[in-house]
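Observations on chain architecture
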Amino acid sequence: MILATLVPLQATALAVVALGAPAVVLSRDPLRMIVVNGLYGLALVLLFVVYGAPDVALSMLVVSTVAYPLVVLIAVTRVRGGKR
Amino acid sequence: MSRRTRTAIFLPALAGFAALLLWAYVGLPDFGHYKGPYGFVLDRVATPERHTTNVVNATTYDYRGFDTLGEEFILFGAVTGVVLLLRAGGGGREEDVDDTAGSDLVRVFGVLGVSAVVLVGLWLVAFGFVTPGGGFQGGVALASGVVLLYLASSYRAWFGVGNQTVLDPVEGFGAGAYVVVGLAALVAGMPFLKNLLGPGIPGTLWSGGSAPFVNWAAGLEVAAANLILYSEFLQEYVVPLARRQA
């Protein structure tokens, strides 16, 4: 019963991750890449949750949606000379 | 190098890499068929022995707490490096910069969000050994709550928490407290970081022995380290803004 709902969920999560990774690599604009990478991180979070790894999912969630985008965003701003 | 030469080098390398990757993946054990004794041993032993219901947290902060101590100091060292490179010598007046969020809606929901995120962070640190979570996740969540404060209100509001007078002692305390928990076991005549407190009642905050203390130490260290990192980077952004406004 649980397996019947879990397998499609896992397949969906895997598909989203498989589509998300090239999307990150193919984004050329750094700002867009930060957003796409955050969404890709959320897809990974979903993947970890449906595979039963909530602790890893939490670590991924806090790192991929807050810590990493913030540091990259400010670094990009700095490199562009403080222009918004 | 011409585009053609580059492609000529790239394509065989890509094929080789893909073949190696495929080979490695095919050799992986099937999902759920973990090979190795430690996972099974810990899975069976952790809850009866330490009364922690989250075996992952018991592994990272108790059985392999020494590894986590090393990781904590990697973060500590990395943040110290960033501070050495970026921290400005003279005290600027960047806290006077006026960048209050314009929209009332952003401010109201932002402040609600800050309390929610900080609460989740505290819960993750406090209950890490009972339910999924732990010092690291909770620490980063706490730091993101403070970042949300900057986004929803202003740099001045952020500066109340995000300044070195507040953060440096908290980071040092967190890193030090972890070592102190380890040394306490040495003083009691046991190996470093051995869990020396009683196991308590499973499924409650009153369990895990030393685990809550280690989680809180790591949580404070990680939260402060992240905030120091953000504040150094944010200064890089805000100082020119302040200069333009002046």
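Residues numbered from 1 in each chain as written. Chains lettered and ligands numbered in written order. Predicted model: local features only at pLDDT ≥ 70, side-chain atom pairs only at ≥ 80, totals over all residues.

Next up on the list: the overall build of chain B. Looking only at helices and strands, one finds 9 helices and 0 strands in chain B. Tracing chain B from N to C terminus, the helices and strands come up as α-α-α-α-α-α-α-α-α. Relative to a compact globule of 246 residues, whose C-alpha radius of gyration would be 18 Å, chain B shows 23 Å and is clearly more extended. In terms of principal-axis extent, the alpha carbons of chain B reach across some 65 × 60 × 40 Å. Long-range contacts, defined as pairs at least 24 residues apart, comprise 72% of the intrachain contacts of chain B with a sequence gap of at least 6. (Helix = DSSP H or I, 4+ residues; strand = E, 2+ residues; numbered from the N terminus. Rg over C-alpha atoms; globule rule 2.2 N^0.38 Å. Contact = placed C-beta atoms within 7 Å.)

Across its full length, chain A carries 3 helices and 0 strands. In chain A, the order of α-helices and β-strands from amino to carboxyl end is α-α-α. A compact globule built from 84 residues should have a C-alpha radius of gyration of about 12 Å, whereas chain A, at 15 Å, is more than 25% larger. For chain A, the residues scored as buried account for 19% of the 84 residues in total. Intrachain contacts of chain A at a sequence separation of at least 6 include 49% that bridge at least 24 residues. (Buried ≥ 20, exposed ≤ 12 C-beta atoms within 10 Å, placed from the backbone.)

The next point concerns the interface of chain B and chain A. Listed per partner, the contact involves 19 residues of chain B and 14 residues of chain A. Secondary-structure elements contributing two or more residues to the side of chain B that touches chain A are α6 (135-152) and α9 (211-245) of chain B. No other element matches the 8 residues that α9 of chain B contributes to the side of chain B that touches chain A.

Here we come to α6 of chain B. Between the first and last C-alpha of α6 of chain B there are 26 Å, a value that for 18 residues agrees with the 26 Å anticipated at 1.5 Å per step. The buried fraction of α6 of chain B is high, at 17 of 18 residues. (Expected span 1.5 Å × (residues − 1).)

The end-to-end C-alpha separation of helix α3 (residues 54-79) of chain A is 36 Å, in line with the 38 Å expected for 26 residues at 1.5 Å each. Along α3 of chain A, the sharpest change in direction is near 35° and occurs at valine 63 of chain A. Considered for burial, the residues of α3 of chain A that qualify are Asp55, Ala57, Leu58, Met60, Leu61, Val62, Val66 and Leu70 of chain A. Looking at the buried residues of α3 of chain A, the elements they touch are α2 (30-50) of chain A together with α3 (55-63), α5 (104-126), α6 and α9 of chain B. (Bend = angle between axes of the 7 residues up to and from the residue.)

Residue and element names in this part refer to chain B. Two numbers describe how α6 lies on α9: the axes approach to 7 Å, and their chain directions differ by 40°. Relative to α9, α6 is oriented oblique. Taken as a pair, α6 and α9 cross one another with a handedness that is right-handed. Between α6 and α9, the residues in contact are Gly135, Phe136, Gly138, Gly139, Val140, Leu142, Ala143, Val146 and Val147 and Asn215, Trp216, Ala218, Gly219, Glu221, Val222, Ala223, Asn226, Leu227 and Tyr230, respectively. Among the residues making up the contact of α6 with α9, the classes are represented as 12 nonpolar, 6 polar and 1 charged. (Axes fitted to C-alpha atoms, helices over the stretch in contact; angles between N-to-C directions. Parallel < 35°, antiparallel > 145°, perpendicular 65-115°, else oblique. Left-handed = near helix turned anticlockwise from the far one by under 90°. Nonpolar A, V, L, I, M, F, W, Y, C, P; charged D, E, K, R; others polar.)

Next up on the list: the nonpolar core. Residues and elements named next belong to chain B. Among the nonpolar cores identified, the biggest contains 63 residues, and Ala143, Val147, Leu227 and Tyr230 are the most heavily contacted of them. No other element matches the 17 residues that α9 contributes to this core. In contact with leucine 227, other than residues within four places in its own chain, are Ala143, Val146, Gly162 and Leu167. (Core = buried A, V, L, I, M, F, W, Y, C linked by C-beta atoms within 7 Å.)

All names here are of chain B. The phi torsion at histidine 51 lies on the positive side, around 65°, for a residue other than glycine. C-beta crowding within 10 Å serves as the criterion here: with 22 such atoms nearby, histidine 51 is assigned to the buried category. With phi around 65°, leucine 193 is a residue other than glycine that occupies positive phi space. Within the element layout of this structure, leucine 193 appears in the loop between α8 (164-187) and α9. The class for leucine 193 is buried, based on 24 C-beta atoms found within 10 Å.

Let us now look at the environment of leucine 46 of chain A. All names here are of chain A. In this fold, leucine 46 is placed in helix α2. Since 20 C-beta atoms lie within 10 Å of it, leucine 46 is described here as buried. Contacts of leucine 46, omitting those with residues within four sequence positions, involve Ala13 and Val16.

Per-residue pLDDT for chain A has a mean of 88; in total, 92% of the residues score no lower than 70. Mean pLDDT values for the elements of chain A range from 88 in α3 of chain A up to 94 in α2 of chain A. (pLDDT = per-residue confidence, 0-100.)

Moving on to the confidence of the model for chain B. For chain B, the mean per-residue pLDDT works out to 89, and 97% of the residues sit at or above 70. Two summary scores accompany this predicted model of the complex, namely pTM at 0.88 and ipTM at 0.85.

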